[in-house]
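Listed here are the chains, written in short residue letters.
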Protein chains: 4
Amino acid sequence: MREGRFSAAESEIAQRYSESVSFDRRLYRHDIAGSIAYASALASAGILSADEFEMIARGLREIENQITAGTFVWDASLEDVHMNIEAALTKRIGLAGAKLHTGRSRNDQIALDLRLFTRDEIDQIVARLRALQDALLLLAQKYSEVLMPGYTHLQRAQPTYFAHYLLAQLEALERDHERLRDTRRRADVMPLGSGALAGSTIALDREGIAKVLGFQRVTQNSIDAVSDRDFVGDFLYSLAMIGIHLSRFSEDLIIWSTSEFGFIEFSDAFATGSSLMPQKKNPDMAELTRGKCGRLIGNLVSLLTILKGLPSSYNRDLQEDKEALFDSVDTVRSALELFSAMLPELTINRERMESLANDPQLLATDLAEYLVGKGVSFREAHTIVGKLAASGKQLDALSNDEFRAASNAFEEDVREVFDVRKALQRRTATGSPSPENIERQIARWRELLEPE
Amino acid sequence: MREGRFSAAESEIAQRYSESVSFDRRLYRHDIAGSIAYASALASAGILSADEFEMIARGLREIENQITAGTFVWDASLEDVHMNIEAALTKRIGLAGAKLHTGRSRNDQIALDLRLFTRDEIDQIVARLRALQDALLLLAQKYSEVLMPGYTHLQRAQPTYFAHYLLAQLEALERDHERLRDTRRRADVMPLGSGALAGSTIALDREGIAKVLGFQRVTQNSIDAVSDRDFVGDFLYSLAMIGIHLSRFSEDLIIWSTSEFGFIEFSDAFATGSSLMPQKKNPDMAELTRGKCGRLIGNLVSLLTILKGLPSSYNRDLQEDKEALFDSVDTVRSALELFSAMLPELTINRERMESLANDPQLLATDLAEYLVGKGVSFREAHTIVGKLAASGKQLDALSNDEFRAASNAFEEDVREVFDVRKALQRRTATGSPSPENIERQIARWRELLEPE
Amino acid sequence: MREGRFSAAESEIAQRYSESVSFDRRLYRHDIAGSIAYASALASAGILSADEFEMIARGLREIENQITAGTFVWDASLEDVHMNIEAALTKRIGLAGAKLHTGRSRNDQIALDLRLFTRDEIDQIVARLRALQDALLLLAQKYSEVLMPGYTHLQRAQPTYFAHYLLAQLEALERDHERLRDTRRRADVMPLGSGALAGSTIALDREGIAKVLGFQRVTQNSIDAVSDRDFVGDFLYSLAMIGIHLSRFSEDLIIWSTSEFGFIEFSDAFATGSSLMPQKKNPDMAELTRGKCGRLIGNLVSLLTILKGLPSSYNRDLQEDKEALFDSVDTVRSALELFSAMLPELTINRERMESLANDPQLLATDLAEYLVGKGVSFREAHTIVGKLAASGKQLDALSNDEFRAASNAFEEDVREVFDVRKALQRRTATGSPSPENIERQIARWRELLEPE
Amino acid sequence: MREGRFSAAESEIAQRYSESVSFDRRLYRHDIAGSIAYASALASAGILSADEFEMIARGLREIENQITAGTFVWDASLEDVHMNIEAALTKRIGLAGAKLHTGRSRNDQIALDLRLFTRDEIDQIVARLRALQDALLLLAQKYSEVLMPGYTHLQRAQPTYFAHYLLAQLEALERDHERLRDTRRRADVMPLGSGALAGSTIALDREGIAKVLGFQRVTQNSIDAVSDRDFVGDFLYSLAMIGIHLSRFSEDLIIWSTSEFGFIEFSDAFATGSSLMPQKKNPDMAELTRGKCGRLIGNLVSLLTILKGLPSSYNRDLQEDKEALFDSVDTVRSALELFSAMLPELTINRERMESLANDPQLLATDLAEYLVGKGVSFREAHTIVGKLAASGKQLDALSNDEFRAASNAFEEDVREVFDVRKALQRRTATGSPSPENIERQIARWRELLEPE
């Protein structure tokens, strides 16, 4: 490729600095699929004979097999995955191979490869998201009647069901799913045939290539097609949001597995010990996941910063998009897999959870709402109950006289407020944790997660 | 609100540190709309009488008018927009006002306000995006026949049309549009009625509230509803991507307005001078836009970092989501407005652009493709032409002998390669810059941007 | 300033978009101090007469007083703080004012203002850091004998003193202090006289200006001087690190103030309630601080992204450096102030802390080290004690027979291991929490924090 | 390590998820140096006999040789570099090896390793910084008399020397150097002996360990010592700033190597071609460097986000600090090396640079300053010259009458203004580009960069 224009070889330092084959080789399947589709379009355009097309397709498939088998020899002096495969093809089949790049640039080629990769990886990650949602749903079903204290500001707030908490995680992951679907739709546009930035004089059937490769649309502007990394940004952002959801879940689990909270215990198979302290059992998997959220955000920042201020069309800076993308994909895949395996092994300390959920202070709001039912305005009720709550006594230990002293509106039936399960039954609005709602949501998710 | 539970007033330092009314007052319209809808649901649930509802609705509308008129007195000791409005209402209408917060928490209230704000601002920004696309389309129509050199790596690459470049910008903005639509869909879910995190014992018709406020769906899990800031992240990300597109456009304009490129000149109305150097005319608007991309990325990072590692449900850290959001919204709105006003005033130096577009070296690829047409393999053709290009002579100044010396495949008709407009006519694949394609794309956009 | 070169006024949209006076007015003191120093250098260079210099100096001081008093009228059409003050000066004193900008550019002027601002704000923040360190030291002195369980992975690990924890915070803040000192040193270089980028033909005594303004050095290259925002980056990074330290401290306090941990209670004056739940008392100040760390990181990212890929010398993008800087400065100042006020009001639940610190499992490592003293290798001892710890019995409740069954090395004196205070006395290496070390460290800090 | 406490093996998924040996093995030299120093302290403390110490030291050195030779077999089930080496040692020398970890935790061990690594890598990077500064200085010397147009806002501003530009780069790199020195000083503190977080009962001579390992100080608080990753942040920030400086330099070079600017040409050895366009020669090395700045900022964000909101002392999230650190170190090392090799090969197009530097418009400021010399106030002079500059004529082509029409202050000697080299001679203030100043700066740098 340098033969014509350049009088000197690339310096070894420059070669080492600029080669990408050490990481972009990961795209070989997509590169080869794209090349076969492209060759078929060249054949339709009369650039390749039917025989040449056959040779190319066969040659590329053999190379693919070699790479998969680990017997292909990569050469960093050939810069990237594209040139390595082209060179191997030409070496293998001669002249026909040297025709493959007609009207094509690495600019549209890499855009294609990355889009194919993105589509595939989204599908993989969606499958793992689904598996984690399944695991959460199973847990919610198993523990659908276990009470737990709900927290805001990490302070006990109101009683709820453990299943209610688990279903909240399902909701967040469902938004991740939706976001990935949107990203996939934006990635699902075929850029090949855009050339370096201005297409080519070859009469390519781009729509035909799109069909072969299963794309919904073709790009409509060749400058935009080689510039556009929006889909990489969208994907990195979607992955960072999954990371944030898992970091939140992890934070909860870490806190709940302290001796002080004591709500859960990780299985020995998903915990680690200390090299120094013999008694320790640590929630390392959750901590690592919380930490890995940092690299997902960092990878997103890398890409956005790379893109910022870049001129239009292809600039070599764009080569730097790949490692961030690969790293975020691998990180999220492994984190989802880990959680799906870890959750079913979790020990739930029902007794401890329910004992705290029965803290009568958690029904202070219900007590205020009881007063509202007796005609007291909510703000006044809030103040009355606030004073009682600060009195030092548990709310259900107050005597009738103490209640009456606080407000005449209190009557005998105030005692009924302190039955936690009844309190939950009253929470019937959509999304609230009445047992019926929990059941309804579990049923809704069972249907939603049914394999299509 | 502190009256019941707390024995001491909040310290002045803490108050100053934690108040949000200095910035969240911006949400007053949404807060009031939400409160009226909520009051109507309380009335349906029997918590408010019809009269009380009327008083509340009227009172809130009067407060809204006061705020809009600038006569409302905000009180930082009341913490936030919610408590300021509630206190003013109760002061104004008494008891009924004190009932408004029944079964509601600021946790679901702020979630509602932010979602209403996000929906509104997306609509505003979409309108400005459309206006900018209109301006670009007009420019593309006006200059549809102006040639320009296309660049990759900021090196002249191939000839194209200026309109082709402008249409590329339209494509990127269209993805922004799509992304905003996706974000809007995810924001369009009604959280009110989720209470602090576990709903309430009030039998609220949440679906009814959603209808009143024009929401498509209601949230399905109250813990998730008060935790969820995904839509803020989605919005900040979408805004950052708009920033990246504008920063790229700006970079192009800055470079093109140098004396050395000389493609465009900013109108005096959109340029600034130097306090020291009398001759200077600077592309400050484009530079500022490129710079503002930094804050858009920074704001996104702020939010993601705030969310990272937070436990579930509401935590006060979430208060920090708003300033980043407001700043990004304002930044993008003003940048879009600026570009829409600035573009029509741009002077295009057609002569300069076309003179560089006529550089015969830019047709080196066409020359190689010419050889392919004569049966030479592309790789070989690439090398042959590369050598010619490095010879020091312009490609169209080579003699027939020189061509023949390079390859026997060259024939008389090689001269036809060097007609730039003909070269562009050959670029007919979808997205490539043949004049027909440019026209087709302009027509497509004219239709797409037609007001519905 | 536009009068000569420009034929049209700046468009209103462009003016609104590009004005900075709405925020850079904050630099007026520094701008005026710089202008007075500059005028004195112009006088020495013979550009201004002694009278003119006096008029300028007096005029500027009067303007400063007006601004401080709030009676100065800012005009956005004059773009920035520099032009507003110059215009007011010229209006006030005529011709002499019009001479002030000789040989000066806003490029070196803003570089100077920002450096003066940075120096001042560092001094302010260092004072607040010191105040917080004082508060921590007082607490450490007050509670120097209170035991607490030390945690790793949020799991109880080993016993220590509460003071040991507090002293750890002092160490981190001391690094912040050091970092600010380094930043100040790098900011303490005088850029005025660099002009737009190439100095001027005026024979300025830049060293003299530096002396007047108290700078240690003058910049050595005028292109670099107008390009350089390293000191802003250094400052934003230093502030982000303070934010990270405070976010860590906050996370500890939030967890310790849960009912489940119960180690501390915030004063009512530094806690807030719930609008819905009457019983709630929330650690909002700590949560907000943890959240504000997000904006500090975001602001740093904004600046770094602005700088990335910018060409050399002054570009208008640099205007975007200021709001991030101001916001981070204000955020850190208020957070430090808040913590200094909040800490002395903290209630320490000594009984709860010590009861958990007495958990015999926390001495598992000491037990292993006991075995090491008896000749067992540490790895073997670790395994032996690990098994005992997993037995379900508290370590100090094991019978002699049970100990012997685990290892022959156990003798009668094993009981002595379980005296927590004695266990701590054995931790004598520098930095370890023996009571003597705690005292020594407290004394060291008392000296270090002594006002000079 | 799990043998005692855990009843089940770690699940394979968890092991894969949490192992770090695949990347932290890079620290083996530092880990082994630390272990030998630690063993010597254990010997002094009587925990190891002299023989045991000898066996350990010899064993570790043999393992180091194996690792260096590539014959060591790493085992992911042993989690990390520390456990791999400890296990190999114990296998090799038996009992003595099992004693090495007495009183040590991986928490203080990894803190030590990272500090040793940071110190070493800073030294490496400083050496490469110095080499790049040398290359820049050589270039400045070689081209010390070449004029170039100086730019602000990428618009031609004033004439200067190319050497002046190059010296500006030297200044920025010198700040990087200083920042690295500050970082090194903060990393140069010895943490070993802090144990898990509370030291140990072993009477360790920590100061002795520090001496052996060449540390200036020992950490003063064991909780802080295992929590602290400030030095990693400092290092990542310093590396990001180097990245920003190189990205700016790259942006300049990319723009200057366009055909339109034509100031420089990259050597063929440091440029690449196009797979499609035979005539292209692209500045890929500079583009990649500009892009790599993105990952350096991203890595910094990763770390800061990991640290944000983490509780005190060691949490497993901290494991995630390493890959970001390694990646930034490698990126900056290779970028510095690349630039040092690329710069001497750059072709400078002196003719083109000087021709543009001679543009008389660039002396508009000098013309205004000329008027100041004739008694005109600068603001008035600025307006007069601004009008002349906008007249469409080159400033030096104006007739005497035209000058007089603009201002009576113009005299015959106005022609002298337009001698560029004389104009530069007048720029004598420190940092300005008079030839004498350039020479003085070159001499200053020659001295500064002299190897000590």
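Quick note: structure is the one above.
To keep things clear, this report deals only with the structure shown in the data block. What you are looking at is a predicted structure, and each value in this text was computed from that prediction instead of being measured. (Residues numbered from 1 in each chain as written. Chains lettered and ligands numbered in written order. Predicted model: local features only at pLDDT ≥ 70, side-chain atom pairs only at ≥ 80, totals over all residues. Heavy atoms only, no water.)

1. Examining the packing of helix H8 (residues 162–187) of chain A against helix H19 (residues 435–449) of chain A
All names here are of chain A. As a reminder of what qualifies: To get an axis, fit a line to the C-alpha atoms, keeping to the stretch in contact for a helix; angles then go from 0 to 180 degrees between the N-to-C directions. Numbering of helices and strands runs from the N terminus; a helix is a DSSP stretch of H or I covering at least four residues, while a strand is a stretch of E covering at least two. Throughout, a crossing is termed right-handed when the near helix is turned clockwise from the far one, and left-handed when it is turned anticlockwise from it by less than a right angle. Residues are treated as being in contact if the distance between any of their heavy atoms lies within 4.5 Å. Residues are grouped as follows: Ala, Val, Leu, Ile, Met, Phe, Trp, Tyr, Cys and Pro are nonpolar; Asp, Glu, Lys and Arg are charged; every other residue, Gly included, is polar.
Where H8 contacts H19, the two axes come as close as 11 Å, and the packing angle between them is 35°. Taken as a pair, H8 and H19 cross one another with a handedness that is left-handed. Facing Ala 163, His 164, Leu 167, Leu 170, Glu 171 and Glu 174 of H8, the residues of H19 in contact are Ile 438, Gln 441, Ile 442, Arg 444, Trp 445, Leu 448 and Leu 449. Of the residues assigned to the contact of H8 with H19, the class counts are eight nonpolar, two polar and three charged.

2. Considering the interface of chain D and chain C
What counts here: Buried area adds together the accessible area that both of two parts lose upon being put together, with accessible area traced by a 1.4 Å probe. Between Lys or Arg on one side and Asp or Glu on the other, a salt bridge is scored when a side-chain nitrogen of the former is within 4 Å of a carboxyl oxygen of the latter. In protein, a polar contact means a hydrogen-donor-capable atom and an acceptor-capable atom, both N or O and within 3.5 Å, with residues adjacent in sequence counting only if both atoms are side-chain atoms; elsewhere, any N or O pair within 3.5 Å suffices.
Of the residues lining the interface, 106 residues belong to chain D; the matching set on chain C comes to 106 residues. Summing the contributions of chain D and of chain C, the shared interface buries around 9000 Å²; its carbon and sulfur component is 55%. The three residues of chain D that bury the most area against chain C are Thr201(D), Gln220(D) and Arg379(D), which together make up 8% of that side's buried surface. Remark: the boundary between chain D and chain C carries 20 salt bridges. Between Arg175(D) and Asp230(C) there is a salt bridge, with its nearest N and O atoms 2.9 Å apart. At the boundary of chain D and chain C, one finds 52 residue pairs in polar contact (both at pLDDT 80 or more). In terms of residue count, helix H8 (residues 162–187) of chain D provides more of the side of chain D that touches chain C than any other element does, 13 residues in total.

3. So, the relation of the copies chain A and chain C
Note the threshold: Superposing copies: least-squares fit, C-alpha atoms only, residues required to have pLDDT of at least 70 in both.
When chain A is brought onto chain C, the operation consists of a screw motion whose angular component is 180° and whose axial shift is 0.0 Å, with 0.0 Å RMSD remaining. Such a combination of rotation and displacement between the chain copies is what one expects of a two-fold axis. Comparing contact sets, 100% of the residues at the interface of chain A also lie at the interface in chain C, consistent with an isologous, same-surface contact.

4. What to know about the side chain of Thr160(B)
Residues and elements named next belong to chain B. Cut-off, in case you're wondering: Burial classes: relative accessible area under 20% of the type maximum marks a residue as buried, over 50% as exposed, and values in between as partly exposed (1.4 Å probe, protein chains only).
Relative to the elements of secondary structure, Thr 160 occurs in strand S2 (residues 155–161). Note on Thr 160: relative accessible area 1%, which makes it buried. At 2.8 Å, the side chain of Thr 160 forms a polar contact with the side chain of His 164. Non-local contacts of Thr 160, meaning those with residues more than four positions away in its chain, are made with Val 146, Leu 147, Met 148, Gly 150, Leu 424 and Pro 433.

5. Brief notes about the packing of aromatic side chains
Note the following rule: Note on aromatic pairs: the rings of Phe, Tyr and Trp (six-membered ring only in Trp) are paired at centre separations within 6.5 Å, and the planes decide the class, stacked below 30 degrees, edge-to-face beyond 60, tilted for the rest. Two limits define a charge over a ring: the Lys NZ or Arg CZ must be within 6 Å of the ring centre, and within 35 degrees of the ring normal.
Tallying each qualifying case throughout the model produces 60 aromatic pairs over all chains. Geometrically, the ring pair formed by Tyr165(B) and Phe249(B) is tilted, given 6.1 Å between the ring centres and 55° between the ring planes. One end of the pair, Tyr165(B), is in helix H8 (residues 162–187); the other, Phe249(B), is in helix H11 (residues 230–256), with 84 residues separating them in the sequence. As far as the burial class goes, Tyr165(B) and Phe249(B) line up, both buried. An angle of 15° between the planes, with centres 6.0 Å apart, marks the rings of Tyr370(B) and Phe410(B) as stacked. Placement of Tyr370(B) in helix H15 (residues 364–373) and of Phe410(B) in the loop between helix H17 (400–406) and helix H18 (420–425) is noted, with a sequence separation of 40 residues between them. In terms of burial, Tyr370(B) and Phe410(B) fall into one category: buried. For Arg444(A), the ring lying beneath its charged end belongs to Trp445(A), and the centroid distance is 4.8 Å.

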